[in-house]
Amino acid sequence: MMRSLFSGVSGLKVHQTKMDVIGNNIANVNTVGFKSSNVTFTDIFYQTTQSASGPNAETGAGGQNAKQIGLGSTLGVISQNITGQGGAQRTDNPFDMMINGDGFFVVNKGGQNYFTKAGNFTTDEAGTLVNGAGNTVMGWQADDDGTIIKDRVSALRIMAPENLTADPTATTQSEASGNINKEDSAFANSEPINQYVPYSMKFFDGLGYEYEAMYHIKKEGDGVYSMNLYNITYDGKPVENLEAKKIDAENGNPAHYEYLGDPIYLKFNTSGNTLKQAADGTIIPDDDTTTTIATTVKAGGLIGIYEDIGDVMNNGTAVAIPDLPASKGKNFTLPISTMMAKNADGTDTTTNAFPAGADVVVSMAKVTSYGSSSTIKSEKGIDGIGKGKAVGKMSSIGIQTDGRIVANYSNGDTKVLGQIVVAKFNNPAGLEKVGENLFTTTLNSGEFDGVGEDITASGDKFSTGVLEMSNVDLSTEFTEMITTQRGFQANSRIITTSDTMLEELINLKR
């Protein structure tokens, strides 16, 4: 009877342990990334009152089985349902993540790496990606070109100051479009100094500052116009040494400007015939049938741009325009790099107006000379190339399904800031829980190599804006609770019944 008492006690103990595990599972039914556990029992020592014996051929006696009395039960295994996927809870937080697969996030606490299924991340004051407990999320870094460096994992400082902005780029190309009307009233202004149509173009320098260059377009003859750089401004104010000088009227000469640099000249086709050009820009006569035609220019279209077409001006008075030689193309260059080092009068300057400037190639190919209003517009870049960029401010950030963290900036740039990796183990059930949704390695789980792996390498992926919830199944837990309660109750009956029997034994002697 004493044996039955102790068997009952052992039964109570293991059922109490199972109830503890069930209680912990239910308590964590809403814990992010929690993995449930379950308990199995095993029997323990046996008292053998008679060993087994085999049959005896000489005596004819048969064999007998061993006679053993069990001494109760003990805890067998507390196993983790670590591969069971929990449900997904939508949060719409761009830093919340869920692993669709068997991997674990790698986080660092006090210099040691731990592993978790809980992907509720945020950023701290230093811009480092952390979980709710302040443990840093580990991953791979990206170089300046956005290439992932697959080295040992390190903290992801995605909101660090250097990532909050995108580098600017100097404008290298610009494109004009619109029309210049030879009968525009501006060309007949009573003041010769004001006989021009304005044209402005904006561009960025290499530091992200936006400037505006203003040209005066003057009529020099039939179909020929000069473009004269009047000034370059920043924030509406002329840059030092980059504004034309006004020369007052004197000695019978009208007031005029000393413009910046030399003018460039635009020549348009004023005939009704279509002009034909060879590849080198030479105008092909209509009776020439042997030269290969590269382009055609309709009436009112730009033939070409010239740096020098002779003495076309005489103190502001237009003179006869000579016949032009072969075209030099339809682009001209705004020489920013030269203006960096020179004043308007050609002398060296002590200040750099454009410390990170670049020459800007300007295309005038889309400008016409028709009988409509004069409207000249300018766009940065030619066919989207060479536009340049201002300094970009981070406008949004997101995490791709492969864990790459990508930032978008106000200047149109995108930048890869790093990549979240996962750790995988040969026996994930062998990991040890250490609280705070964290696991650590054991001898039976396998070690972490310190590098991790791309989640897509095994066909898995991340889901962003969602969290993996607990994989606790309440229906199973409550069923287990009922059987555990009944098991505990039955074992208590062993003790009370054994006690009653002992009481009867004691009462044999009155």
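Refer to the structure printed above.
Here the structure is a predicted model, which is why all the values come from computation and not from measurement.

Draft legend 1. Fine view of the overall build of the protein. What the protein contains, in helices and strands, is 3 helices and 38 strands. Its C-alpha radius of gyration of 43 Å places the protein more than 25% over the 24 Å reference for a compact globule of 510 residues. With respect to the principal axes defined by its C-alpha atoms, the protein has extents near 150 × 55 × 40 Å. Residues counted as buried form 40% of the 510 residues belonging to the protein. Of the contacts made within the protein by residues no fewer than 6 positions apart, 64% connect residues no fewer than 24 positions apart. In the structure as shown, the protein presents an accessible area of about 26900 Å², 49% of it carried by carbon and sulfur atoms. Charge-centre separation for the protein: the mean point of 39 positive side chains lies 10 Å from the mean point of 59 negative side chains.

Draft legend 2. Representation of the nonpolar core. Residues Ile 232, Leu 334 and Met 364 are the most contacted members of the largest nonpolar core, which totals 33 residues. Phe 95, Tyr 114, Leu 129 and Ile 420 belong to the second largest nonpolar core, which has 24 residues in total.

Draft legend 3. Up close: the packing of helix H1 (residues 2–27) against helix H3 (residues 474–506). Where H1 meets H3, the axes come as close as 8 Å, and the angle between the chain directions of the two elements is 160 degrees. Classified by the angle their axes make, H1 and H3 are roughly antiparallel. You can see that H1 and H3 cross each other, and the crossing is left-handed. Across the contact of H1 with H3, the residue classes break down as 14 nonpolar, 12 polar and 3 charged.

Draft legend 4. Region of the structure containing H1. For H1, spanning 26 residues, the distance from its first C-alpha to its last is 37 Å, which sits close to the expected 38 Å at 1.5 Å a residue. Looking at the buried positions of H1, the neighbouring elements they touch are strand S1 (37–43), strand S3 (67–70), strand S4 (73–80) and H3.

Draft legend 5. Spatial organisation of the pairing of strand S32 (residues 404–409). As judged from the 5 bridges shared by strand S31 (residues 392–399) and S32, these two strands associate in the antiparallel manner. Paired with Ser 396 across the bridge in S32 is Asn 408. For S32 and strand S33 (residues 414–420), the ladder comprises 5 bridges, and the chain directions are antiparallel. Its bridge partner lying in S33, Ile 405 is registered against Gly 418. Two successive antiparallel strands, S32 and S33, enclose a turn made up of 4 residues, where Gly 412 displays a positive phi of approximately 90 degrees.

Draft legend 6. Quick look at H3. Under the 1.5 Å per step criterion, the end-to-end length of H3 is 48 Å for 33 residues, consistent within 8% with the ideal 48 Å. Taken together, the buried positions of H3 are occupied by Glu 477, Thr 484, Gly 487, Asn 491, Ser 492 and Ser 498. Against H1 lie the buried residues of H3.

Draft legend 7. Representation of the side chain of Ser 7. Of note, Ser 7 is situated in helix H1. A distance of 3.4 Å separates the side chain of Ser 7 from the backbone nitrogen of Gly 72, its partner in a polar contact. Here Ser 7 is in contact with Gly 70, Leu 71, Gly 72 and Asn 491, once residues within four sequence places are set aside.

Draft legend 8. Region of the structure containing the pairing of strand S18 (residues 237–243). Looking at chain direction, strand S17 (residues 224–234) and S18 are connected through 3 bridges and run antiparallel. Note that in S18 the partner of Asn 231 across the bridge is Glu 243. Counting the residues in the hairpin turn of S17 and S18 gives 2 residues, including Asp 235, whose phi is positive at 55 degrees.

Draft legend 9. Spotlight on a nonpolar patch on the surface. Residues Met 2, Phe 6 and Val 9 make up a contiguous nonpolar surface patch of about 290 Å² in total accessible area. Checked against the element boundaries, Met 2 lands in helix H1. Overall, the relative accessible area of 44% leaves Met 2 in the partly exposed class.

Draft legend 10. Molecular detail of the packing of aromatic side chains. Scanning all chains against the criterion turns up 15 aromatic pairs. Summarising the aromatic geometry, the rings of Phe 115 and Phe 448 are spaced 5.3 Å apart at their centres and angled 70 degrees between planes, so their arrangement reads as edge-to-face. Of this pair, Phe 115 sits in strand S8 (residues 112–116) while Phe 448 sits in the loop between strand S36 (438–440) and strand S37 (461–464), and the two are 333 residues apart along the sequence. Across the pair, exposure class does not vary: Phe 115 and Phe 448 are buried alike. Seen from their ring centres, Tyr 211 and Tyr 234 are 5.3 Å apart, and the 45 degrees between their planes marks the pair as tilted. Placement of Tyr 211 in strand S16 (residues 210–221) and of Tyr 234 in strand S17 is noted, with a sequence separation of 23 residues between them. Residue classification places Tyr 211 among the buried residues on the basis of a relative accessible area of 8%. Here a set of aromatic residues connected by ring pairs shows up, and it is made of Phe 104, Phe 115, Phe 425, Phe 439 and Phe 448.

Draft legend 11. Representation of the environment of Ser 73. Take Ser 73: it is sitting in strand S4. Along the backbone, Ser 73 and Ile 44 are 29 residues apart, and their C-alpha atoms lie at a distance of 5.4 Å. With sequence-adjacent residues up to four places away left out, Ser 73 is seen in contact with Ser 10, Gly 11, Val 14, Thr 42, Asp 43 and Ile 44.

Draft legend 12. Examining the pattern of salt bridges more closely. Across all of its chains, the model carries 11 salt bridges by this definition. The partner of Glu 436 in a salt bridge is Lys 109, with the nearest N and O atoms 3.3 Å apart. One end of the pair, Glu 436, is in the loop between strand S35 (432–435) and S36; the other, Lys 109, is in strand S7 (residues 104–109), with 327 residues separating them in the sequence. For Glu 436, a relative accessible area of 48% corresponds to the partly exposed category. Residue classification places Lys 109 among the partly exposed residues on the basis of a relative accessible area of 36%. Ionic pairing is found between Lys 366 and Glu 175, a salt bridge with its closest N-O pair at 3.5 Å. Here Glu 175 lies in strand S14 (residues 173–179) and Lys 366 lies in strand S29 (residues 360–368), a separation of 191 residues in the sequence.

What counts and how
Within each chain, residue numbers correspond to sequence positions counted from 1 in written order. Given that the model is predicted, a residue must reach a pLDDT of at least 70 before its local features are reported, and side-chain atom pairs must reach 80 or more before they are shown or counted; all residues, however, enter totals for whole chains, interfaces and linings. To obtain the side-chain values, all non-hydrogen atoms of the structure were included, while hydrogens and water were left out. Only DSSP runs of H or I with at least four residues qualify as helices, and only runs of E with at least two residues qualify as strands; both kinds are numbered from the N terminus onward. Every radius of gyration here is taken over C-alpha atoms, with the globule rule written as 2.2 Å times N^0.38, N being the number of residues. Only protein chains enter the accessibility calculation, which uses a 1.4 Å probe. A residue is then buried if its area is under 20% of the maximum for its type, exposed if over 50%, and partly exposed in between. It only takes one pair of heavy atoms within 4.5 Å for two residues to be counted as in contact. Each accessible area value is a Shrake-Rupley result obtained with a 1.4 Å probe; residue values ignore everything except the protein chains displayed when judging cover. None of His or the chain ends enter the tally, which takes Lys and Arg as positive and Asp and Glu as negative. Charge positions are represented by NZ for Lys, CZ for Arg, CG for Asp and CD for Glu. Here the nonpolar core consists of buried residues drawn from Ala, Val, Leu, Ile, Met, Phe, Trp, Tyr and Cys, with membership extended through side-chain atoms lying within 4.5 Å. Lines fitted to C-alpha atoms define the axes, with helix axes restricted to the stretch in contact, and inter-axis angles between N-to-C directions lie between 0 and 180 degrees. An angle below 35 degrees is read as roughly parallel, one above 145 as roughly antiparallel, one from 65 to 115 as roughly perpendicular, and any other as oblique. Crossing handedness is defined as follows: a turn of the near helix away from the far one that is anticlockwise and smaller than a right angle gives a left-handed crossing, while the clockwise case is right-handed. Classes in brief: Ala, Val, Leu, Ile, Met, Phe, Trp, Tyr, Cys and Pro nonpolar; Asp, Glu, Lys and Arg charged; the others, Gly included, polar. Under the convention used throughout, the expected extent of a helix is 1.5 Å for every residue step, that is, one less than its residue count. A pair of strands is considered paired only if DSSP assigns at least 2 bridges between the two. A 3.5 Å cut-off defines polar contacts: any pair of N or O atoms within that distance qualifies, except that in protein one atom must be a possible hydrogen donor and the other a possible acceptor, and neighbouring residues in sequence count only when both atoms are side-chain atoms. A patch consists of residues whose relative accessible area exceeds 30% and which take part in no salt bridge; residues with like charges are grouped when within 9 Å of each other, and nonpolar side chains (Val, Leu, Ile, Met, Phe, Trp, Tyr) when within 5 Å. Whenever a carboxyl oxygen of Asp or Glu lies within 4 Å of a side-chain nitrogen of Lys or Arg, that contact is scored as a salt bridge. Classification of ring pairs rests on two measures: the distance between centres of Phe, Tyr or Trp rings, Trp counted by its six-membered ring, which must be within 6.5 Å, and the angle between planes, read as stacked under 30 degrees, edge-to-face over 60 and tilted in between.

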